[in-house]
Amino acid sequence: MANTTITHHPAPDGGEYHAAVEGADAIGRLTYKMRGEDVRVADHTLVPPAIGGQGVAARLVEALITDAQEENFRIVPQCSYVEAAFRKHPEWSDLRA
């Protein structure tokens, strides 16, 4: 698996996590909208085919989960990928809004 760097790009009404894969121009994204101060609605996970199959989407969700644990916000998994990740990880249930 290639080296992947995750960065967070917050905005007042939401934000994105970006995944840059070493040696590739394509960027994976997980987008969210804010709902109040302490809830983020994860609405899309987008991984271009050029960087697919390398665990990029999972890394994006893990970054969101880590931030939720550290910053005490909860997540609405509106995106089907994020919803599936929550089902695979019952230990994250306390982070679900």
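Residues numbered from 1 in each chain as written. Predicted model: local features only at pLDDT ≥ 70, side-chain atom pairs only at ≥ 80, totals over all residues. Heavy atoms only, no water.

**A closer look at the packing of aromatic side chains**
Any two aromatic rings considered together are summarised by their centre-to-centre distance and by the angle between their planes.
Phase 1 of the analysis: A complete count under the given rule lists 2 aromatic pairs for this structure.
Phase 2 of the analysis: A ring pair is formed by Tyr17 and Tyr32, whose centres lie 6.0 Å apart and whose planes are at 45 degrees; its orientation type is tilted. On the criterion of sequence distance, the pair formed by Tyr17 in strand S2 (residues 14-21) and Tyr32 in strand S3 (residues 27-35) is long-range, its members being 15 residues apart.
Phase 3 of the analysis: We classify Tyr17 as buried; its relative accessible area is 1%.
Phase 4 of the analysis: Against the face of Phe73 rests Arg40, its NZ or CZ located 3.7 Å from the ring centre. (Phe/Tyr/Trp six-rings, centres within 6.5 Å; stacked < 30°, edge-to-face > 60°. Helix = DSSP H or I, 4+ residues; strand = E, 2+ residues; numbered from the N terminus. Buried < 20%, exposed > 50% of the residue type's maximum accessible area, 1.4 Å probe, protein only. Lys NZ or Arg CZ within 6 Å of the ring centre and 35° of its normal.)

**Notes on the pattern of salt bridges**
Phase 1 of the analysis: In total, this model carries 5 salt bridges according to the counting rule given.
Phase 2 of the analysis: Where Arg29 meets Glu16, a salt bridge forms, and the shortest distance between an N and an O atom there is 3.2 Å. Of the two residues, Arg29 is situated in strand S3 and Glu16 in strand S2; the sequence distance between them amounts to 13 residues.
Phase 3 of the analysis: In this structure Arg29 comes out as partly exposed when scored by relative accessible area, which is 31%.
Phase 4 of the analysis: Residue Lys33 is joined to Asp43 by a salt bridge in which the shortest nitrogen-to-oxygen separation is 3.8 Å. Of the two residues, Lys33 is situated in strand S3 and Asp43 in strand S4 (residues 39-46); the sequence distance between them amounts to 10 residues.
Phase 5 of the analysis: A relative accessible area of 46% places Lys33 in the partly exposed class. (Salt bridge = Lys/Arg side-chain N within 4 Å of Asp/Glu carboxyl O.)

The analysis is restricted to geometry; functional conclusions fall outside its scope.
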